[in-house]
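Fold and contact review
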Amino acid sequence: MPTLVYLEDHEGELVPGSLGVLSKAAQLDGDVAAVVCGAGVKELAGRAGRFGASKVYVADDPALEAPLPQPRVDVLAALVGEQGFDTVLFGASVLTADVAAGLAARLGAGLNWDLVDLELRDGALVGKRPALQDSVYVDVEWKGEPRLALVRAGTFEPAESGGEAEVQDVAVEIQDFSKGAVMVERAH
């Protein structure tokens, strides 16, 4: 199950929610890759190995400085296509919800969201999602690949495994239509 975990960063640190998803993915499958997208994020990549990534792809480019979803969709779509990932996991945030939805649309892929658990059952990935105002949990699957999943914030705690990751730079090619939005101000 070639799995890619999107690692979100904020103010020079990897977001704990995405590291928790990486830790969970590494428990399910020992060979998990991660991706970091942004400007000046290369030094963050090495830290991902401690949370279970065997390889970390780095898209470090000024075009990714603003936390806008569409340029990240461009990077992820190319990476999934080139490397053949069949599963892409995200820790939920405002940004990652947009990135996951955009990637699902771009790839024609299934996206399950608000997941509170992931497991392998007979070799197939199964997600667990709350329903009926969180009073019951239902199992969800995917009809095809790649499978995209957005995990509810705070579901998995980051767990250090002490490993090291191979770090690989990826080319950043932003589509013209992805350059239409610009960030004019950022509240802190």
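Criteria and cut-off values
- Residues numbered from 1 in each chain as written.
- Predicted model: local features only at pLDDT ≥ 70, side-chain atom pairs only at ≥ 80, totals over all residues.
- Heavy atoms only, no water.
- Helix = DSSP H or I, 4+ residues; strand = E, 2+ residues; numbered from the N terminus.
- Rg over C-alpha atoms; globule rule 2.2 N^0.38 Å.
- Buried < 20%, exposed > 50% of the residue type's maximum accessible area, 1.4 Å probe, protein only.
- Contact = heavy atoms within 4.5 Å.
- Areas by Shrake-Rupley, 256 points an atom, 1.4 Å probe, with all protein chains shown as cover.
- pLDDT = per-residue confidence, 0-100.
- Core = buried A, V, L, I, M, F, W, Y, C linked by side-chain atoms within 4.5 Å.
- 1 Å grid on protein atoms, 1.4 Å probe; cavity = no way out; pocket = protein on both sides within 12 Å on 5 of 7 lines; lining within 4 Å.
- Points joined across faces, edges and corners; volume = space filled by probe spheres on them.
- Nonpolar A, V, L, I, M, F, W, Y, C, P; charged D, E, K, R; others polar.
- Pairing = 2+ DSSP bridges.
- Axes fitted to C-alpha atoms, helices over the stretch in contact; angles between N-to-C directions.

Each helix and strand in the chain was counted, giving four helices and twelve strands. Here the chain has a C-alpha radius of gyration of 16 Å; the compact-globule value for 188 residues is 16 Å, and the two agree. With the principal axes as the frame, the chain shows a C-alpha extent of 40 × 35 × 35 Å. A burial count over the chain gives 45% of its 188 residues as buried. For the chain, long-range pairs separated by at least 24 residues make up 68% of all intrachain contacts whose partners lie at least 6 apart in sequence. Put simply, the chain shows about 9300 Å² of open surface, and 48% of that area lies on carbon and sulfur atoms.

Caution is warranted with low-pLDDT regions, since their predicted coordinates should not be read in detail. In this model, the chain carries an average pLDDT of 93, and 99% of its residues clear a pLDDT of 70 or more. When mean pLDDT is compared element by element in the chain, strand β11 (residues 147-151) scores highest at 98, while helix α2 (residues 42-45) scores lowest at 90.

This next bit is on the nonpolar core. Of all hydrophobic cores here, the largest spans 28 residues; its most connected members are Val5, Leu7, Leu22, Ala53, Val56, Leu89 and Leu118. Sorting the residues of this core by element identifies β1 (3-7), α1 (16-28), β4 (32-38), α2, β5 (53-60) and β11 as the ones contributing at least two each. If you tally residues by element for this core, the top one is α1, at four residues. Apart from residues lying up to four places away in sequence, Leu118 is in contact with Lys24, Leu28, Leu89, Leu125, Val126, Gly127, Val151 and Phe156.

What follows concerns the layout of surface pockets. Quantified by volume, the largest pocket comes out at close to 290 Å³. The set of elements that each furnish at least two residues to the lining of the largest pocket consists of β2 (9-10), β4 and α2. Of the residues contributing to the lining of the largest pocket, the split by class is nine nonpolar, four polar and seven charged.

Another aspect to go through is the sheet that holds β5. Strand order in the open sheet formed by seven strands is β7-β11-β6-β1-β4-β5-β12, and the pairing between neighbours is parallel. Two strands in the sheet have a free side with no partner beyond their single neighbour: β7 (110-115) and β12 (166-169). Taken over all neighbouring pairs, the strand axes of this sheet differ in orientation by 20° on average, direction set aside. When β1 meets β4, the two strands line up parallel, connected through five bridges. Within β4, the position partnered with Val5 by the bridge is Ala34.

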